[in-house]
Amino acid sequence: MSPLGVALATLLSHYRRHPGQLALLLLGLWVAGALWSGVQAINASARDSYARAEALFDADLDRLTPADSRPLDHEDFVTLRRAGLPVSPIVEGEVTAAGGERLTVIGIDPLTLPGDSALASPGAESGLEAFLTPPWRTRLAPETLAALGLSRQAAGGATPRLAGGRRLPPLAPSAALPPATLVMDIAVATQLLGRGDGLSRLVVPAGALAAAPPGYDLERAEQRLAPGELTASFHLSLTAMALLALIVGLFIVQAALGLALEQRLSLLRTLRALGVPGRTLIGLLALELALLGLVGALAGIASGVGLARALLPDVAATLSSLYGAEVGRTLQLPWHYWLGGLGVTLGGLFLAGSGVLWRAARLPVLGLGQAQAWRAGYQRQLGRQALAGAASALLALGLWAWLATRPPGEGLVAAFGLVAALLLAGALWLPPLLAAGLAGLGRWMHRRPLVQWALADLQLQLPRLALAMMALLIALSANLGVGSMVGGFRLTFLDWLDQRLVADLYLRPTPARFDEIDAWLAGRPEVAERLATASGETTLLAIGDAETPRQPVALFGITPGDTLKPGWPLKATLAGREAAWRALTGGAAFVNEQLAIARGIVPGDRLTLAAPDGGERLRVVAIYPDYGNPQGEVLLATPQLRHRFQAASGSLGIVLADGEAARPLASALRTRFDLDTTALRDQRQVKRVATDIFERTFAITRALNALTLAVAALALLASLLALARERRRQLAPLWALGVPRGRLVAVQLAQLGMAALATGLLALPLGLAVSACLVGSINVAAFGWRLPLHVFPGGMLLTLATALGAALLAGGLPSLALWRTPPRALLAEEAP
Amino acid sequence: MLDIRQVYKAYATPQGPLRVLAGVDLRLAAGESLALMGESGSGKSTLLHLAAGLDLPDHGEVRLDGRAISSLSEPRRARLRRERLGLVFQQFHLVPSLDVLDNLRLQARLAGRESPDWTARLVARLGLAGRERHYPEQLSGGQQQRLAIGRALAPRPALLLADEPTGNLDETTAGEVLRLLLELVREAGSALLMVTHSPVVAAPLDRRLRLSHGRLGEAPP
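So, how was this worked out
Residue positions within a chain follow its written sequence, with the count starting from 1. Both sets of labels track the order of writing: A upward for chains, 1 upward for ligands. Per-residue local features of the predicted model are confined to residues with pLDDT of at least 70, and side-chain atom pairs are confined, for both listing and counting, to 80 or more; whole-chain, interface and lining totals are unaffected and use all residues. To obtain the side-chain values, all non-hydrogen atoms of the structure were used and water was disregarded. Helix numbering and strand numbering both begin at the N terminus, where a helix is a DSSP run of H or I of at least 4 residues and a strand a DSSP run of E of at least 2. Using a 1.4 Å probe on the protein chains alone, a residue whose accessible area is under 20% of its type maximum counts as buried, one over 50% counts as exposed, and one in between counts as partly exposed. Residues count as neighbours in contact if any of their non-hydrogen atoms are within 4.5 Å of one another. Once two parts are brought into contact, the accessible area they lose, counted with a 1.4 Å probe and summed over both, makes up the buried area. Counted as salt bridges are all cases of a side-chain nitrogen of Lys or Arg within 4 Å of a carboxyl oxygen of Asp or Glu. Side-chain atoms alone can form a polar contact between residues adjacent in sequence; in general such a contact is a pair of N or O atoms within 3.5 Å, and within protein one must be able to donate a hydrogen while the other accepts it. Note on pairing: DSSP must find at least two bridges between two strands before they are called paired. Note on method: axes are straight lines fitted to C-alpha atoms, helices fitted across the in-contact stretch only, with angles between N-to-C directions ranging 0 to 180 degrees. Helix crossings get a hand from a simple test, with the near helix turned counterclockwise from the far one by less than a right angle marking a left-handed crossing and a clockwise turn marking a right-handed one. Residue type decides the class: Asp, Glu, Lys and Arg count as charged, Ala, Val, Leu, Ile, Met, Phe, Trp, Tyr, Cys and Pro as nonpolar, and the leftover types, Gly among them, as polar. Confidence of the predictor at the level of single residues is given by pLDDT, which spans 0 to 100. In what follows, roughly perpendicular refers to angles from 65 to 115 degrees, roughly parallel to angles under 35, roughly antiparallel to angles over 145, and oblique to any angle outside these ranges. Between the rings of Phe, Tyr and Trp (Trp by its six-membered ring), a pair exists once the centres lie within 6.5 Å; its type follows the angle of the planes, with under 30 degrees stacked, over 60 edge-to-face, and the other angles tilted. For a lysine, the NZ atom is tested; for an arginine, the CZ atom; a charge sits over a ring if that atom is within 6 Å of the ring centre and within 35 degrees of the ring normal. A pocket, in this scheme, is an open set of points on a 1 Å grid over the protein atoms alone with protein on both sides within 12 Å along at least 5 of 7 lines, while a cavity is a set where a 1.4 Å probe fits but cannot get out; residues line either one if an atom lies within 4 Å of a point. Grid points are joined across faces, edges and corners, and a volume is the space filled by probe spheres set on the points.

**Side note on the overall build of chain A**
The number of helices and strands found in chain A is 24 helices and 20 strands. In chain A, buried positions account for 53% of the 832 residues. Counting only contacts in chain A whose residues sit at least 6 apart along the sequence, the fraction spanning at least 24 positions is 80%.

See below:
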């Protein structure tokens, strides 16, 4: 073996005698790598889905829409083609799979569609002739097969049934398509969706038309928001949480590295004395770091893929319910994902290890063996840490002041910066605060020698425990902050559901039978009120007299009756609730919070919306919360909406008279109008579905938070295990002086519990500040709505209990080992 | 072999510079053994560190095999230590994570001069046969010091520098260790510079010098 190899093997032999430290190092790297790369795997898969969706819809197709907002039909297509324009028709709608999953159907005319569009490529297994002629073909992404209850092997040529009993044309999987999308010939799609002559849009190759033909508006491909842009804030939030986990993991790594180096100071001196140059030693330590890093990072990335696989379905549900963006349920990982994961984990490792290497490089050869020299600078370090904490707090203050001057919904990155600065300030202040507190308590307790010893001893342990405590503080604060935000959101959301879902039954008739059913219900004595809704889409043209960039908005009609009005939440009104409802009935509009924040709309503004008879001007009289809706929405009274925008009828809410039961009426409706199971639902069903969506939405948040907290607890456990042997040596003289082992165990647990309690107490204000940032800035920017800040005393108690629990659990194993060590062995350990 | 000329060394203290060596001259020939004696704090260990290139003099020159150590870069000094010197410390400084055999071979391997025969002989001479796979913490103090001596002599260094090699041992064990040290030094053909405060330990060596007030003088036999 070469001299370099001998020196490296000698350095590494330390871990053979201290496998706990090696495990601690690898654990830190593993969890940091796993959580980071897991989230990046989710983001990479989502981006792959967006890329496919963008390629399908937006990359190269401009859209033509009638300038007067009337619906498009086949006649428009024929007229424009005859005028020599390269337009192609598209029909789009939704169908429900037999399993209940909603799928988007896109009908195309491949003969007129631009040839380089992803839509137009018929795919390897389905030629153009098969696509265009009976029995036609249904092109879909392989991951969509699961929604249809099919495996990939059984997919080719299968004709699965939909919820209504109709069958799809034979399937032809194509990896280029986005998930939850079925592409077929326009003739079949029209038939499947019951569209008649209606078209969803007319498309032309991007840039093919210099200007819109008369009577039409031209929407350029690049003007439309891609799904990737809509969901960018969500992925940023995920990345921030993963970064938090990475940092907590790297804290463990730094703690382990510091400990491993401190225990090898004597070895370093010996090797230097035996002729290994200092620079070579530092190089070898760096090589050791790289070797361990490679093992930990690769294990982390492999586990991250597993984690991503487990979390992806919930994330996909979240993105679908919050943003209407479809993400595949299977992982799609590009090559740069692997390199990126390795790079970030190794980069983080070297960042965590650089401080340790720097300190090792600066130590004089003759002082290397003295642990005192190593620790001498700790007091100075505490001072520097307090100063750095103050700088971080000042940065947080500055960011907060800057954000206060920005319009709501702006400054997402700055808001994350604010959270990071707050957490960093808290973490940096923790060790100086603990040191000062211990010194003060020590003076106060000078008459109780064992307590005084315990306090002084804890001060000595502080340099080694500080990093684990800092990691615990960050994890606890983030957990409390995110927990308060999610808890507050849950309360608000459930209230909001109760206020909005006031009818006993919800019926969704086909547009053709809406009026007939409504008239039948009007004659039923058990029905107290019918809450008809309507919906449509339009374009926002102007706010006040100023034209704005055109934005598609949803239109929704409600029946402002006696049942709905009292509970319907309003965030702001022009002249009070009563006046707002009167104005709505008279033709004014409410807008949802998302749209109001995004476009700066306030009660009193007048909006101009595209309508069949030209632009409709509407006065905004109230802003209402609309949680979970990815779109900006304008609310009108249903009759107004149907009349002025020719909107399609929507659902019918049925409010029963006092004492009437829902079940008999539901059966009567089903029997008389032959309704399928999905057309009629009771209120509890609707609430359950909405609540399920909510719970899934935050499942990943909770999972990542719990994992981060678990990692921090592991960090503490690992640090204590690594210190356990040395601790026993320090406790042995006390035993020799007459302190029983049971008392020593109790002292050790009390020391740790006290430090953890102090950490938990500091986590409370820090967690609340994080929560305030989340609800006040990050949520507004990410989702478009603002939530009230809720404080949960139970959550705060849980935080304290978690801190104590983590510390006592972590201290339990070393304490048990101490309890089991025979007294003689304690002294034997102390001897050398 | 070792030539120290007019070496001065002082340390900074809060009370001002503390002069430890003030114009020390010392010469040691190949195969010769020399005891460096003196009171605690007289600068014996400092002189030994200068001879090993672990520290540098403020003034003067330390030459080993004709090369001025002071003018060498740190990596070259490290190489010189690795290839020409052996060091024995009062506190042993064994590698706790390596077993007896690996500790013994460590410097020879670093120097690229491992000799299995010599190593086997050392194990036997040091009385460590059967303990090869034990770790330092499982050895007695005398065994640990013998192992430290063996490690320093394993590459057959030109010069062995020993700092109070028996300072941590009881009288009987110290005597045994010293005899063994001198025998092995002779077998290895090394020169020996040993720091000690004990006249008994210094007695068997070829020469004895006493360091006092920063200067060297002949010590009584």
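**Topic: the interface of chain A and chain B**
Many analyses report the size of an interface as the accessible area lost when the parts associate. Each partner contributes residues to the interface: chain A has 24 residues there, and chain B has 23 residues. For the chain A and chain B pair, buried surface summed over both sides reaches about 2,300 Å², with 60% attributable to carbon and sulfur atoms. There are 1 salt bridge connecting chain A and chain B. The partner of Glu137 of chain B in a salt bridge is Arg17 of chain A, and the shortest N-O contact between them spans 3.0 Å. The interface formed by chain A and chain B holds 5 residue pairs in polar contact (both at pLDDT 80 or more) in total. Counting only elements with at least two residues in the side of chain A that touches chain B, the list comes to α1 (3-17), α8 (265-273) and α9 (278-323) of chain A.

**Some remarks on the sheet that holds strand β2 (residues 16-28) of chain B**
All names here are of chain B. Read across the sheet, 4 strands follow the order β2-β1-β4-β5 without closing on themselves; strand pairing throughout is antiparallel. Pairing within the sheet leaves two strands with one partner each, and these edge strands are β2 and β5 (67-68). Where strand β1 (residues 2-13) and β2 come together, 10 bridges link them in antiparallel fashion. In the strand pairing of β2, Ala12 is matched with Pro17.

**Things to note about the environment of Arg47 of chain A**
You can see Arg47 of chain A is positioned in helix α2 (residues 19-57). Between the C-alpha atom of Arg47 of chain A and that of His235 of chain A, which follows or precedes it by 188 residues, the distance is 9.6 Å.

**A look at the packing of α1 of chain A against helix α3 (residues 100-111) of chain B**
Remark: α1 of chain A packs on α3 of chain B, axes separated minimally by 7 Å, with the N-to-C direction vectors making an angle of 145 degrees. Where α1 of chain A crosses over α3 of chain B, the handedness of that crossing is left-handed. For the pair α1 of chain A and α3 of chain B, the contacting residues are Pro3, Val6, Ala7 and Thr10 of chain A in the first and Leu106, Arg109 and Leu110 of chain B in the second. For the contact of α1 of chain A with α3 of chain B, a count of residues per class yields 5 nonpolar, 1 polar and 1 charged.

**Side note on the confidence of the model for chain B**
In the predicted model, chain B carries a mean pLDDT of 88, and 99% of its residues have values of at least 70. Scoring the predicted complex yields pTM 0.64 and, for the interface, ipTM 0.72.

**Concerning the side chain of Ser88 of chain A**
All names here are of chain A. Its place among the elements puts Ser88 in strand β3 (residues 88-96). With relative accessibility at 0%, the residue Ser88 sits in the buried group. Here the side chain of Ser88 touches Thr112 through a polar contact of 2.8 Å, side chain to side chain. In contact with Ser88, not counting residues within four places along its chain, are Phe77, Asp109, Thr112, Leu113, Arg201, Leu202 and Val203.

**A word on the packing of α1 of chain A against α8 of chain A**
Residue and element names in this part refer to chain A. Taken N-terminus to C-terminus, the directions of α1 and α8 make an angle of 165 degrees; their axes are 10 Å apart at the nearest point. Between α1 and α8, the angle falls in the class roughly antiparallel. The way α1 lies across α8 gives a crossing that is right-handed. Between α1, through Ala7, Thr10 and Leu11, and α8, the contact on the second element is made entirely by Leu267, Leu268 and Leu271. Its residues placed into classes, the contact of α1 with α8 shows 5 nonpolar, 1 polar and no charged.

**Details of the environment of Ala308 of chain A**
All names here are of chain A. Looking at the secondary structure, you find Ala308 in helix α9. You can call Ala308 buried: its relative accessible area is 0%. Remark: the alpha-carbon pair of Ala308 and Ile42, spanning 266 residues in sequence, is separated by 5.7 Å.

**Quick notes on unusual backbone geometry**
Cis geometry is adopted by the peptide bond preceding Pro135 of chain A, which originates at Pro134 of chain A and carries an omega value of 0 degrees. As for its position among the elements, Pro135 of chain A is in the loop between α4 (128-132) and β5 (138-140). Phi is positive for Gln646 of chain A, close to 45 degrees, though the residue is something other than glycine. On the secondary structure map, Gln646 of chain A appears in the loop between α18 (638-645) and β19 (648-656). Of note in the backbone geometry, Asp65 of chain B takes a positive phi value of approximately 50 degrees without being a glycine. Tracing the backbone shows Asp65 of chain B in the loop between β4 (59-64) and β5. Assessed through its relative accessible area of 34%, Asp65 of chain B is described here as partly exposed.

**Points about the pattern of salt bridges**
Opposite charge on two side chains permits pairing when their charged atoms draw close. One pass over the full model with this rule turns up 28 salt bridges over all chains. One salt bridge connects Glu288 of chain A with Arg264 of chain A, and the closest N-O pair in it is separated by 2.8 Å. Residue Glu288 of chain A is located in helix α9, and its partner Arg264 of chain A is located in the loop between α7 (232-262) and α8; the two are separated by 24 residues in the primary sequence. The pair Glu288 of chain A / Arg264 of chain A is uniform in exposure class, with both members buried. In this structure, the salt-bridge partner of Glu187 of chain B is Arg121 of chain B, at a minimum N-O distance of 2.7 Å. With Glu187 of chain B in helix α6 (residues 171-188) and Arg121 of chain B in helix α4 (residues 116-125), this residue pair connects regions lying 66 residues apart in the sequence. Exposure remark for Arg121 of chain B: the relative accessible area of 42% places this residue in the partly exposed category. Where salt bridges share partners, they join Asp102, Arg105, Arg109 and Glu114 of chain B into one cluster.

**Quick notes on the environment of Arg577 of chain A**
All names here are of chain A. Mapped onto the elements, Arg577 comes out in helix α16 (residues 577-585). Relative accessible area serves as the criterion here: at 33%, Arg577 is assigned to the partly exposed category. In sequence terms Arg577 and Ala622 are 45 residues apart; their C-alpha atoms lie 8.3 Å from each other. Setting aside anything within four residues of it in sequence, one finds Arg577 in contact with Lys565, Pro566, Gly567, Trp568, Pro569 and Leu570. At a separation of 2.7 Å, a polar atom in the side chain of Arg577 contacts the main-chain carbonyl oxygen of Trp568.

**Looking at the packing of aromatic side chains**
Tallied over the full model, the rule gives 4 aromatic pairs over all chains. Three or more aromatic residues joined by ring pairs make a cluster, and in this case those are Trp568, Trp581, Phe590 and Tyr624 of chain A. The cationic tip of Arg17 of chain A hangs over the ring face of Tyr135 of chain B; the distance from NZ or CZ to the ring centre is 3.8 Å. Sitting above the plane of the Trp118 of chain B ring, Arg156 of chain B keeps its charged end 4.2 Å from the centroid.

**A look at empty space enclosed by the protein**
All names here are of chain A. Under the definition given, this model contains 5 cavities of 30 Å³ or more. There is about 120 Å³ of room inside the largest cavity. Together, Leu458, Gln461, Leu465, Leu720, Arg727, Gln748, Leu749, Gln751, Leu752, Gly811, Pro814 and Ser815 line the largest cavity. Secondary structure elements with two or more residues in the lining of the largest cavity: α14 (449-500), α21 (699-736), α22 (741-783) and α23 (793-820). Taken as a whole, the second largest cavity spans an internal volume of roughly 70 Å³. Lining the second largest cavity, in full, are Tyr15, Leu257, Leu261, Arg264, Leu285, Glu288, Leu289, Gly353, Val356 and Leu357. Of all elements in the fold, only α7, α9 and α10 (335-362) reach the threshold of two or more residues within the lining of the second largest cavity. Of the residues in the lining of the second largest cavity, the class split is 7 nonpolar, 1 polar and 2 charged.

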